[in-house]
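Single-letter residue listing:
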Amino acid sequence: MTGDAQPTVGFIGLGSMGSGMTRNLQRAGYSLVVNDIRREQADELVAGGAKWADTPAEVAALSDLVITMLPTPKHVAEVVTGPSGILAGIPDGGTWIDMSTSVPEVADGIRLANPGLRVLDAPVSGMSTGAASGTLQIFIGGDEADVVRVRPVFEAMGTPERILHVGGHGAGYVVKLMINQLWFSHLVATAEVLAVGVKAGVDLGVLRDSLVASPANSTFVQRDVLSVLEHGDYDEGFAIALACKDLGLSIDLARAVGVPTEVSALVEQVYRRARASYGDRAGEMTPMKLYEDLIERELRL
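Residues numbered from 1 in each chain as written. Predicted model: local features only at pLDDT ≥ 70, side-chain atom pairs only at ≥ 80, totals over all residues. Heavy atoms only, no water.

### Thoughts on unusual backbone geometry
Here is step 1: Positive phi, close to 60°, is recorded for Met127, a residue that is not glycine.
Here is step 2: Mapped onto the elements, Met127 comes out in helix α6 (residues 127–133).
Here is step 3: For Met127, a relative accessible area of 35% corresponds to the partly exposed category.
Here is step 4: Its identity is not glycine, yet Glu296 carries a phi of approximately 55°, on the positive side.
Here is step 5: As for its position among the elements, Glu296 is in the segment after α14 (287–295).
Here is step 6: Given the relative accessible area of 72%, Glu296 is considered exposed. (Helix = DSSP H or I, 4+ residues; strand = E, 2+ residues; numbered from the N terminus. Buried < 20%, exposed > 50% of the residue type's maximum accessible area, 1.4 Å probe, protein only.)

Here you go:
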């Protein structure tokens, strides 16, 4: 696809991430064929020239490559292998790119059962704001030749220098799960430290400035936590139900490879407690509210 006419891109999954990603593909000049369980999610894209397809099979039949951006591994498997799934419509030698946060087993099973299918796993970081602005970081697992061939498509959705080929099939999934796990751990640890320090009488701004100036500094402390501290924004663009899903996948992966993860398991429990307290649609940073409730004070600069 390098040097040739732009391919027609099929895209399945027009949620908070997929809606921004498809708009950027459309702005870059790609012809789109789209599908989602909610037809109205495609209205703006169709108005801009995209074609609606009633099934994933129809998406695959009308596209040069198909991208999925779906909530869970179960959804991915259903969309690909179901009676009207991608495999029912994709031609021999077709390309399927899964940009969902998932696990290697799902794509591996599909790939091994369909050896003519070209498969890449390419999950992303950057939240819904990065999807909307086209500045996602993308972690790609798969064959080098396939990565090079479709790289212009990735560059329409992400920052070029942050589009990384991280290894063979499944490596993208693994890297993304590890990034999520560490980010969630940063959040819980930071919330705990800020709550204890403030409860002990230290000014919140002074405490955070001290952390930033110390060896304990991190991108989360320096930048990401400001969403809550300055704006009271717990990032409802990524629901805590999905965060708990990702944490569960990470723990399952650790179990599968035989690595004990006591800290990560505890972080998962904190997230599940926040989900139980504030509901499935609460933002991914809502565990900070657990600590705010404990000290009976919002953590605001």
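### Considerations on the nonpolar core
Here is step 1: Counting residues in each nonpolar core, the largest one holds 33 residues, and the members touching the most others are Leu187, Leu194, Tyr271, Met285, Met288 and Leu299.
Here is step 2: Of all the elements in the fold, those that place two or more residues in this core are α8 (171–199), α9 (204–212), α10 (219–224), α11 (226–231), α12 (240–257), α13 (262–278) and α14.
Here is step 3: With eight residues, α8 is the single largest residue contributor to this core.
Here is step 4: Leaving out residues up to four positions away in the same chain, Leu299 has contacts with Leu194, Ala195, Val198, Leu204, Val228, Leu229, Met288 and Glu292.
Here is step 5: Ranked by size, the runner-up nonpolar core spans 32 residues in total, among them Phe11, Trp52, Ile138 and Val153. (Core = buried A, V, L, I, M, F, W, Y, C linked by side-chain atoms within 4.5 Å. Contact = heavy atoms within 4.5 Å.)

### Considering the pairing of strand β4 (residues 65–68)
Here is step 1: Burial along β4 is two-sided: the residues Leu65 and Ile67 and Val66 and Thr68 are all buried.
Here is step 2: Sheet analysis places strand β1 (residues 9–12) next to β4, joined by four bridges and oriented parallel. Counted as the bridge partner of Val9 is Leu65 from β4. (Pairing = 2+ DSSP bridges.)

### A closer look at the environment of Ser16
Here is step 1: When you line up the elements, Ser16 lands in the loop between β1 and α1 (18–27).
Here is step 2: Between the C-alpha atoms of Ser16 and Ala131, which are 115 residues apart in sequence, the distance is 8.2 Å.
Here is step 3: Aside from chain neighbours lying at most four places away, what touches Ser16 is Ser128 and Gly237.
Here is step 4: Within the structure, Ser16 has its side chain in polar contact with the backbone oxygen of Gly237 (distance 3.2 Å). (Polar contact = N/O pair within 3.5 Å; in protein donor to acceptor, adjacent residues only side chain to side chain.)

### Section: the pattern of salt bridges
Here is step 1: This model, assessed by the stated rule, comprises 14 salt bridges.
Here is step 2: For Arg149, the salt bridge is made with Asp146, and the minimal N-O distance between the two is 3.0 Å. Placement of the pair is Arg149 and Asp146 together in helix α7 (residues 144–155), with a separation of three residues, close to one helical turn. Comparing Arg149 with Asp146, the two get one shared label, buried.
Here is step 3: Here Asp246 makes a salt bridge to Lys245, at a shortest N to O gap of 2.7 Å. When sorted by exposure, Asp246 lands in the same class as Lys245, which is buried.
Here is step 4: Residues participating in the shared-partner salt-bridge network are Glu292, Glu298 and Arg300. (Salt bridge = Lys/Arg side-chain N within 4 Å of Asp/Glu carboxyl O.)

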